[in-house]
Amino acid sequence: MNDASADPSLVVQGLSKSFPTGGDPLRVLSDLDLELHSGDSLAVVGPSGSGKSTLLQILGTLDRPDSGSVRIDQTDPFELSESGLAAFRNQKIGFIFQDHHLLPQLTVIENVLVPALAIGKPSSGDLQNAQDLLSQVGLTQRLGHLPSELSGGERERVAIARALLMKPTLILADEPTGNLDRSTAETITALLLTLQASVGAILITVTHSETLAAAMSQRKELVDGKLV
Ligand code: ADP
Ligand code: MG
C-alpha cells in the first residue's frame, strides 16, 4: 500500500447502463467517467429521467453496470463475492434518501446503529459514535423517539447520522432536501457538508435545488448519459 491508496477515492471509467424495453434498449448511462477524492462534494443535476438515480444506484453498488468500472478506495466492488460486496457496501457507503428509509419500529438511536447491527452487536464505540452524531445533528433529546414522532427535517437528520456511522468513503444522497421547506433544507445541507468534511468522505448529491447544488464544491449535469 502506498500513500495514494490511503486517500479515499472514487474512480469511474467508461460506465454504461441500459434497460430493456419493448423495442431498443434504453441507454441511460453512456461511457461515463468520474473521479473524486476525499473531501470532494458533487451535485448531480439533470432533468427527470436523465439517469441520476441509476448512477447513484450503481455507485452505491446496489445495481451493476453493463460495462465500465467503478473503483472505491482502489477496489472494484463488482469483483467481490455477494457477501463481500454486502460488507464492503456497509463499510464504505452511506446512503441518504429523500424519503429517509428509517425503520418505523426502531428508535432514533437504533436506526442510527443499523449499519453496525448489520455486522454484529454494536460496540460501546459504535454507541458513542451514534450518540455523538445525533448530538451533532441536534437530536440528543430524541434518542428514544420513533420516526413517526419526528418532523420531516428531524427524520432527515437521523438518516444523515445513520449514513455517517461507519465513516464511509462515499456518501450518496438522492434529493436529500426534496421534501423539506427552504430553511430546513439549508440547515440540513450545512449539516451534511460539515459532517462530510469531518470524516473526509466524498459526497455525491442528486438535487433539483440550486441552493443545494451551489453549496457543493462541484456541479455536473447528466446529459446523454455522461456527466458534463
Ligand atoms: P432520474 O433519477 O434522473 O429521474 P432514473 O435514473 O430514475 O432517472 O431513470 C432513468 C431512465 O431509466 C428513466 O427513463 C427510467 O424510466 C429508466 N429506468 C430506471 N430504472 C429502470 C429499470 N429498473 N428498468 C427499466 N427502466 C428503468
Ligand atoms: Mg431519480
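Residues numbered from 1 in each chain as written. Chains lettered and ligands numbered in written order. Predicted model: local features only at pLDDT ≥ 70, side-chain atom pairs only at ≥ 80, totals over all residues. Heavy atoms only, no water.

The protein is annotated in an unreviewed UniProt entry as Lipoprotein-releasing system ATP-binding protein LolD of Rubripirellula lacrimiformis. Per its UniProt entry, the protein bears the Sequence similarities (unreviewed entry) comment "Belongs to the ABC transporter superfamily. Macrolide exporter (TC 3.A.1.122) family." (UniProt positions renumbered as here; feature names shortened; annotations may be inferred.)

Caption draft 1: Focus on the side chain of N90. Looking at the secondary structure, you find N90 in helix α2 (residues 82–92). Within polar-contact distance, the side chain of N90 engages the backbone oxygen of P115 at 3.0 Å. (Helix = DSSP H or I, 4+ residues; strand = E, 2+ residues; numbered from the N terminus. Polar contact = N/O pair within 3.5 Å; in protein donor to acceptor, adjacent residues only side chain to side chain.)

Caption draft 2: Focus on the pairing of strand β3 (residues 41–45). Within β3, 5 of the 5 residues are buried, leaving the element largely enclosed by the surrounding structure. The alternating pattern of β3 places S41, A43 and V45 and L42 and V44 on opposite faces, both of which are buried. As defined by bridge partners, β3 adjoins strand β7 (residues 202–206) across 4 bridges and the pair is classed as parallel. By the bridge assignment for β7, L42 is matched with I204. In terms of strand pairing, β3 meets strand β8 (residues 218–223) through 4 bridges, oriented parallel. Considered in β8, the bridge of V44 is made with K220. (Buried < 20%, exposed > 50% of the residue type's maximum accessible area, 1.4 Å probe, protein only. Pairing = 2+ DSSP bridges.)

Caption draft 3: Layout of the site of ligand 1. The environment of ligand 1 is formed by F19, L26, V28, P47, S48, G49, S50, G51, K52, S53 and T54. Within the backbone of G49, a nitrogen or oxygen atom sits 2.7 Å from an oxygen atom of ligand 1. The side chain of K52 places a nitrogen or oxygen atom 2.8 Å from an oxygen atom of ligand 1. In isolation ligand 1 exposes 560 Å². Once the protein is present, 57% of that is buried. Secondary-structure elements contributing two or more residues to the shell around ligand 1 are β2 (26–37) and α1 (52–59). (Near = heavy atom within 4 Å. Areas by Shrake-Rupley, 256 points an atom, 1.4 Å probe, with all protein chains shown as cover.)

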